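What follows is the residue order along each chain.
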Amino acid sequence: MNIVVLIKPIPEAESRLRASSDGRQLDPEGIRFVLAGYDESAVEQALLLKENAPGSKVHAVSFGPVRCEEALRAAIALGADNATWVEAPPEGSDDPILAARSLAAALTSAPHDLILGGKHAGDDEEGLVPSAIAELLGIPSFGSVADLRPAGNPGGISFARVTEAGVEKWEVPLPCVIGLQQAWNDPRTAKLPNILKSRKAPIEKIDWSKTLAALAADSQPRSVSERFALPAPRTGAKMIEFKTPEEAAEKLVRLLREEAKVFP
Amino acid sequence: MTPSVLVLAESPAGAVSGPTKEAFGVARTLAGPDGSVAAVTTGGPAAAQALASFGPRDIWVADIPTESTTSGAVAALAARAAQESASAIVLVGGTTFGRDVVGRLAVRWGAAAATGVTEVTRTDSGELRVRRPVFGGRATETRTLLGPRAVIALRPHAFGAASEIVGTPAMHLLDRSVIPANEVAARRVSLASADGASGPPLPDATIVVSGGRGLRTAANFSLIEDLARSLGAAVGASRAVTDAGWRPPSLQVGQTGRAVSPQLYIAVGISGAIQHLVGMISSRTIVAINTDPSAPIFKVADYGIVGDALTLVPALTQEIRKVRGLS
Ligand SMILES: Cc1cc2nc3c(=O)[nH]c(=O)nc-3n(C[C@H](O)[C@H](O)[C@H](O)COP(=O)(O)OP(=O)(O)OC[C@H]3O[C@@H](n4cnc5c(N)ncnc54)[C@H](O)[C@@H]3O)c2cc1C
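Description of the structure in this document. (Residues numbered from 1 in each chain as written. Chains lettered and ligands numbered in written order. Predicted model: local features only at pLDDT ≥ 70, side-chain atom pairs only at ≥ 80, totals over all residues. Heavy atoms only, no water.)

**Brief notes about the environment of Leu326 of chain B**
Reasoning step 1: Within the secondary structure, Leu326 of chain B sits in the segment after helix H9 (309-323).
Reasoning step 2: Once the C-alpha coordinates of Leu326 of chain B and Ala38 of chain B are considered, the two residues, 288 residues apart in sequence, prove to be 41 Å apart. (Helix = DSSP H or I, 4+ residues; strand = E, 2+ residues; numbered from the N terminus.)

Structure below.
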């Protein structure tokens, strides 16, 4: 099976977020962008599927600025076979539709039975890229997926997902695109020798000029960020003083009804 | 003619979903007095009939079995409806269904797209501007959607539900032949109610009561379920609980579980690790019950009680049953 994993480097969980000086977006200064969150689970899931079906290949692909390379190397260190960096326009763009078009252009000529991404990126949380790629490639797509397995009949997969309707189980033919909620395991960590080796691994680069030519009229972003804002920090909880559990309960219910008005 | 706003509706078993009602409310505001609201459903005549009470002027209807309702099929049908209704905006509730369709529909219909939206406005120059939480609610971004068309998934519970309006919409049938051939082979082979959960499903609920390791045992976790039942709330859990096997993984809230944004989130015996917080921090009101006054959960909570869950939760359940006239 040829498995493509989509990766978007995102700020490390502990990063201090700040707006850029023009207030339009996150200030990337001093932030380390890493392979993390649902994308990390997608890499883990891809490697598990590969281990289950010998002869499979895992191809990591990332759209964005040069920092993609580091996240792709992290995927190689974990076990991805090859990696492609699809360069973003030099002026930058955080439009998910442009990201999807650029990635789909790169994937048309790359073998793909299964395209795996996180259900959304941990920074912008749009979750648009996997399904938009699927539409561009003309194949089915499913988000919020867990328990992904090769299906009984060859050339298919099965999975479960929790939706508003309940727990759904699906059987789906390949090729298709999956937005992953959870892998079978917690993501593995890379071994030191593999990390060292990944530093020298070749990464295919697709120049923006090439993508631009392929996209022609569709190379414009469809959305732009205007403002990035950090909410006023929550001031901390109003603590309820009480002598008995009953008194605590009564006070809380009164606050929820009369002050927060969340409770009838 | 003022272009219309199209609502991509969900009305399982003929009952209009909460997020769809919210979408109708936003659609009316965006359409304004001169525009019109239309709706599209893939749920057949019963679903279309249910939508009529939210006042769309036109309803586009397809009838496809839920077992083969894929995002690709829905996007194809919705794109056709958007075209036939000469819409400029498609709104959908940000459920699993809605979020799966947005990217496909935007590509197919040639539109801009955004998900998880909590505010939509039109600028003086007529552009659409959306606000949305990012980084698990640690920040918000405002984006302008460029071009004449946009597909927007609204964050559930961020808007009020539309009131019902009496109307007699025109019904239009959608031709299933627009569905791509490779979409019909995918099959939903089973659907079960979320295991262990009584009450509404987690992603949908207006109130969520979650328990953590502080409950001490699997048996004690039933205190959480009792409290949820008294509130008509969904049950959630921290990863410590699902990892220990006290409750199934489908209840897990957080980075590797579900993200929820209810009106009220009650966290009991949960410390407030960042991986849990990203799944619930955009809830409107947060209550924390914990024995440790320095637990990080109190930093994000609106109301806190320092004390033992095993005595506080039953008292709270009792009090709520009392005020709701249940006992
Ligand atoms: C990659 C990764 C992904 C993760 N994803 C998730 C996720 O999706 N969701 C998630 O929840 N976690 C996730 N975690 C785990 C997370 O880091 C925490 O370990 C977990 O949330 C802790 O669960 P807890 O708060 O129930 O337990 P603890 O952290 O052990 O907290 C228990 C709390 O209960 C309190 N307590 C004890 N006794 C009582 C009592 N009698 N009454 C009241 N309070 C009491 C304690 O003071 C304490 O604050 C993830 C971790 C990693 C590394």
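Once you've had a look at it, read on.
**What to know about the site of the ligand**
Residues and elements named next belong to chain B.
Reasoning step 1: Around the ligand, the structure places 25 residues, and the nearest of them are Arg213, Ser238, Thr256, Ser271 and Asn290.
Reasoning step 2: Here Gln255 contributes a backbone N or O atom positioned 3.0 Å from an oxygen atom of the ligand.
Reasoning step 3: Between an oxygen atom of the ligand and a side-chain N or O atom of Ser271, the distance comes to 2.6 Å.
Reasoning step 4: Contact with the protein chains removes 78% of the 980 Å² of surface that the ligand exposes when unbound.
Reasoning step 5: When residues of the shell around the ligand are traced back to their parent elements, those giving at least two are helix H6 (239-243) and helix H7 (274-277).
Reasoning step 6: Its residues placed into classes, the shell around the ligand shows five nonpolar, 15 polar and five charged. (Near = heavy atom within 4 Å. Polar contact = N/O pair within 3.5 Å; in protein donor to acceptor, adjacent residues only side chain to side chain. Areas by Shrake-Rupley, 256 points an atom, 1.4 Å probe, with all protein chains shown as cover. Nonpolar A, V, L, I, M, F, W, Y, C, P; charged D, E, K, R; others polar.)

**Quick notes on the interface of chain A and chain B**
Reasoning step 1: With 81 residues of chain A in contact, the opposing surface of chain B contributes 86 residues.
Reasoning step 2: Buried area between chain A and chain B, both sides added, is near 7,100 Å², and the carbon and sulfur share of it is 55%.
Reasoning step 3: Contact with chain B buries area across many residues of chain A, yet Glu135, Glu164 and Arg234 of chain A alone supply 12% of it, more than any other trio.
Reasoning step 4: Linking chain A to chain B there are seven salt bridges.
Reasoning step 5: Residues Asp100 of chain B and Arg161 of chain A are paired through a salt bridge, measuring 2.9 Å at the closest nitrogen-oxygen approach.
Reasoning step 6: The biggest single contributor to the side of chain A that touches chain B is helix H7 (residues 245-258) of chain A, with ten residues.
Reasoning step 7: Class assignment for the residues of the side of chain A that touches chain B results in 40 nonpolar, 17 polar and 24 charged.
Reasoning step 8: Here five bridges tie strand S9 (residues 166-173) of chain A to strand S11 (residues 187-192) of chain B, and the two strands are oriented antiparallel to one another. (Contact = heavy atoms within 4.5 Å. Buried area = accessible area lost by both parts, 1.4 Å probe. Salt bridge = Lys/Arg side-chain N within 4 Å of Asp/Glu carboxyl O. Pairing = 2+ DSSP bridges.)

**A few points about the nonpolar core**
Reasoning step 1: Ranked by size, the top nonpolar core spans 56 residues in total, and within it Leu107, Ile115 and Ile133 of chain A together with Leu8 and Leu105 of chain B carry the most contacts.
Reasoning step 2: Of the residues forming this core, the biggest block, nine residues, is contributed by helix H3 (residues 71-84) of chain B.
Reasoning step 3: Aside from chain neighbours lying at most four places away, what touches Leu105 of chain B is Ala75, Ala78, Ala79, Val90, Gly110 and Val151 of chain B.
Reasoning step 4: Ile207, Ala228, Ala237 and Leu251 of chain B belong to the second largest nonpolar core, which has 38 residues in total. (Core = buried A, V, L, I, M, F, W, Y, C linked by side-chain atoms within 4.5 Å. Buried < 20%, exposed > 50% of the residue type's maximum accessible area, 1.4 Å probe, protein only.)

**So, helix H3 (residues 96-107) of chain A**
All names here are of chain A.
Reasoning step 1: Here H3 spans 16 Å end to end across twelve residues, near enough to the 16 Å set by a 1.5 Å rise per residue.
Reasoning step 2: Counting buried residues in H3 gives eleven out of twelve residues, a clear majority hidden from the surface.
Reasoning step 3: If you check which residues of H3 are buried, you get Pro96, Ile97, Leu98, Ala99, Ala100, Arg101, Ser102, Leu103, Ala104, Ala106 and Leu107. (Expected span 1.5 Å × (residues − 1).)

The analysis is restricted to geometry; functional conclusions fall outside its scope.
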